[in-house]
Amino acid sequence: MRFSSDLLEEIRNRCDIVDIVSEYVHLKPAGKGFKGLCPFHGEKTPSFMVSPEKQLFHCFGCGEGGNVFNFLMKYERLSFFEAVKMLAQKSGVPLPVDEEKEDILHKKKERLYKLNNLVVNYYRECLFRTNQGKKVINYLKKRGINDTSVEKYKLGYAPPSWDALTNFLKKKGYTYEELIKAGLIKKSKTEGKYIDYFRDRIIFPIFNLSGRVIGFGGRVLDGSLPKYINSPETLVYNKGSNLYSLNFAKEDIRKKNCIIVVEGYTDVLITKQYGFNNIAASLGTALTTKQIDLIKRFTDTVLIAYDADSAGNMATLRSLDLLVKSGLEVKVIDLPLGYDPADFSIKKGRKPFQNLIDKSLSLIDYKLKLLYSKYSIKTIEGKVKVIKEILPTLSVMGDEDEVRAQTKKISEELKLSDEAIRIDLVKYKKGLREFIPSFINPDSEDGNVKAEKILIGCMLENEQIARDILTKLKAEDFSVLLHRQIVTAIEKNLKDDKIVDSQKVIDYLNDDKAAKLISKILMKENITFDERIISGYVDTINNFKLIQGRKNLEKRAKILDEKIKISEKIEEDDLKELREIVRQLKNQSIN
């Protein structure tokens, strides 16, 4: 049975040779590859090498070598058919039922490749040989795309006519059904006519790793939406399985052992013009496992250069976690707000973009920067959100020393226990996704109430901590009446006896509810003497007080505003009070 080159390539892409050979040979890292004792002849010094970037093996002792199929055939004494079948099962690639069907599929794909090439030439003719196309060429130049890029990437132009391409391809012998399956035309929902899929757009042919055209992207010339559209999925095109320009960039990626991943076509073309040749685009999607497998064939280092809005959305960040999970080193180029790689290169130049690359952040540092700007880390609620959103990245990091270093750094920045974060990480790795972080107890109390209880416990247990807390908070800062009463009793105990004694506090209050609460706090709550954690709880109470004060001011302002609106005569005192409230609201800062 004969297998198509497309099928064999798909199996090879999904089966990393290092993973397969490692099942039979103990491999150790050696430069850019791996080495081990050759399984095909006896040796004491390793001369058997495996290259992940070339997906080949070779023994410099006995001369055996080849690709992953050759290795299995030699080691397992299999036929080529049996080796392909074995790897297809491992990788989940379905094999054709029989040779006739496989041959038909192969011929359909070849006809589709031929059709795509015909369409590329048609769009290029429209670009270079029509009056509309000449305007597009001027537009491309204004956008910073030079003639070399236009030629190398075979850019074209789809005319505004509803059916220009349809009519052209019909004359070439293609059926409507073929053209719909190729993603080049569609049927109008209103009139039922066949119309071109791309109209009045700049056309970017999309190439596979071998350099064959598999689909197209189209960009509008004005501000209309959608700005970009891509070919629908076809026999040869799957958006999540390809990276735009990887066919042009793969050798530079290998040489530099680094790939810069951008979002779209223009980002690729412009940044390449500034000398950054190791660049490819994810076609506006969050990275997929198939795209990551492609990247791993050429490098183990990935630089993400998305614009600030895209780089910060959760779908993108989750896909970047997949990169880390796959063992790749991931860094994020922190572009200024409002810039994409193309705009930045044009306006700032090569050197500033290189400076951004040099200062790129690790994925975890980038995520923390986003989270710290999104949530207040001075409140318990903010800390909870940061911890929950950073755990996915911590959980996929393979280097345990790095994980320890990161949890220590996070604990210092959030003023939390390092151990608590480690406990939560273990929970997350075990599959628990909804849990209360370990630095607070699992109950439904508001964060400020919880903080008040823990601080009361800290004061009851340690005289010096009680004095420190009472320099930052007063009894009236506590939101619960019973809490205020206990804090007042603690203050009196300190004043009278110079110590804090929980028994005397209970006796002083002489209240059953207070006695029950104090015993519960001291027996159940997570009492801590860590200054950073205590400071965080103090901040939580102060922020709650500020928020409540702001709400009261806003409520009073609303009452005064309504009063002024309905009154025939404006009272000067009311107006003066309203102005004062507005001033206070402007000056008030809540962390």
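Residues numbered from 1 in each chain as written. Predicted model: local features only at pLDDT ≥ 70, side-chain atom pairs only at ≥ 80, totals over all residues. Heavy atoms only, no water.

A separate point is the layout of surface pockets. To find leftover empty space, one rolls a probe the size of a water molecule over the atoms. Each pocket or cavity is described by its volume, and for the largest pocket that value is around 780 Å³. What lines the largest pocket is a set of 28 residues, among which Asp6, Glu10, Lys109, Leu235 and Ser241 lie closest to the centre. Elements supplying a minimum of two residues to the lining of the largest pocket: helix 1 (5–14), helix 5 (99–128) and helix 12 (289–296). In terms of residue count, helix 1 provides more of the lining of the largest pocket than any other element does, six residues in total. (1 Å grid on protein atoms, 1.4 Å probe; cavity = no way out; pocket = protein on both sides within 12 Å on 5 of 7 lines; lining within 4 Å. Points joined across faces, edges and corners; volume = space filled by probe spheres on them. Helix = DSSP H or I, 4+ residues; strand = E, 2+ residues; numbered from the N terminus.)

Taking strand neighbours across the sheet as the criterion, the four strands line up as 6-9-10-11 in an open arrangement whose pairing is antiparallel. Either end of the sheet is taken by a strand with one partner, and the two such strands are strand 6 (156–158) and strand 11 (228–230). Between one strand and the next, the sheet's axes are offset by a mean angle of 35 degrees, whatever the strand orientation. One ladder, built from seven bridges, connects strand 9 (residues 201–207) with strand 10 (residues 213–220); its direction is antiparallel. Residue pairing for strand 10: Pro205 is matched across the bridge by Phe216. (Pairing = 2+ DSSP bridges. Axes fitted to C-alpha atoms, helices over the stretch in contact; angles between N-to-C directions.)

Inspection of the entire model under this criterion finds 24 salt bridges. Linking Glu64 and Lys74 is a salt bridge whose minimum nitrogen-to-oxygen distance equals 3.1 Å. Here Glu64, found in the loop between strand 4 (56–59) and strand 5 (65–66), pairs with Lys74, found in helix 3 (residues 68–76); they are 10 residues apart in sequence, far enough to count as distant. The exposure class of Lys74 is partly exposed, given its relative accessible area of 40%. (Salt bridge = Lys/Arg side-chain N within 4 Å of Asp/Glu carboxyl O. Buried < 20%, exposed > 50% of the residue type's maximum accessible area, 1.4 Å probe, protein only.)

It is at 10 Å that the axes of helix 18 (residues 380–396) and helix 20 (residues 418–429) come closest, and there the two elements cross at 65 degrees. Considering their axes alone, helix 18 and helix 20 lie roughly perpendicular with respect to each other. As for how helix 18 packs across helix 20, the hand of that crossing is right-handed. On the side of helix 18, the interface is formed by Ile387, Leu391, Pro392, Leu394 and Ser395, while helix 20 contributes Ile421, Asp424, Leu425, Tyr428 and Lys429. (Parallel < 35°, antiparallel > 145°, perpendicular 65-115°, else oblique. Left-handed = near helix turned anticlockwise from the far one by under 90°. Contact = heavy atoms within 4.5 Å.)

What follows is about the confidence of the model for the protein. In this model, the protein carries an average pLDDT of 87, and 91% of its residues clear a pLDDT of 70 or more. Ranking the elements of the protein by mean pLDDT puts helix 27 (residues 572–587) last with 63 and strand 6 first with 98. (pLDDT = per-residue confidence, 0-100.)

This part covers the sheet that holds strand 2 (residues 33–36). The strand order across the open sheet formed by five strands is 1-2-3-4-5, and the pairing between neighbours is antiparallel. Each of the sheet's edge strands pairs with one partner strand only, and the pair in question is strand 1 (28–30) and strand 5. Examined bridge by bridge, strand 2 and strand 3 (residues 48–51) share three bridges and lie antiparallel to one another. Paired with Phe34 across the bridge in strand 3 is Val50.

Moving on, we come to the side chain of Glu43. Residue position: Glu43 is located in the loop between strand 2 and strand 3. Although Glu43 lies buried, it forms no salt bridge, and the closest oppositely charged side chain, Lys35, sits 10 Å away as judged by the N-O distance. A polar contact is formed between the side chain of Glu43 and the side chain of Ser47, at a distance of 2.4 Å. Excluding residues that lie within four positions of it along the chain, Glu43 makes contacts with Gly36, Leu37, Cys38 and Phe48. (Lys, Arg positive; Asp, Glu negative; His and termini not counted. Polar contact = N/O pair within 3.5 Å; in protein donor to acceptor, adjacent residues only side chain to side chain.)

Geometry of an aromatic ring pair is reported as the spacing of the ring centres plus the angle between the planes. A complete count under the given rule lists 26 aromatic pairs for this structure. With a centroid separation of 6.2 Å and an interplanar angle of 50 degrees, the aromatic rings of Phe40 and Phe57 are classed as tilted. Of this pair, Phe40 sits in the loop between strand 2 and strand 3 while Phe57 is found in strand 4, placing the two residues 17 residues apart along the sequence. Taken together, Tyr153, Phe204, Phe207, Tyr228, Tyr244, Phe248 and Tyr265 form an aromatic cluster joined through their ring pairs. Geometry around Phe40 places Lys74 over its ring, the cationic atom sitting 5.9 Å from the centre. (Phe/Tyr/Trp six-rings, centres within 6.5 Å; stacked < 30°, edge-to-face > 60°. Lys NZ or Arg CZ within 6 Å of the ring centre and 35° of its normal.)

Only a minority of non-glycine residues have a phi that is not negative, and only a minority of peptide bonds are not trans. Residue Pro226 is bonded to the preceding Leu225 through a cis peptide linkage, with omega at 0 degrees. Looking at the secondary structure, you find Pro226 in the loop between strand 10 and strand 11. Backbone geometry places Gln55, a non-glycine residue, at a positive phi of 55 degrees. For Gln55, the position within the fold is in the loop between strand 3 and strand 4.

A few words now on helix 15 (residues 341–348). Along helix 15, the residues classified as buried are Pro341, Ala342, Phe344 and Ser345. Those residues of helix 15 hidden inside the fold are in contact with strand 12 (259–262), helix 11 (265–273) and helix 16 (350–358). By the N-cap criterion, in which a side-chain oxygen at the helix start approaches the backbone nitrogen of a residue two or three places on, helix 15 is capped by Asp340, the distance to Ala342 being 3.1 Å. The positive-phi residue at the C-terminal boundary of helix 15 is Gly349, with phi of around 105 degrees.

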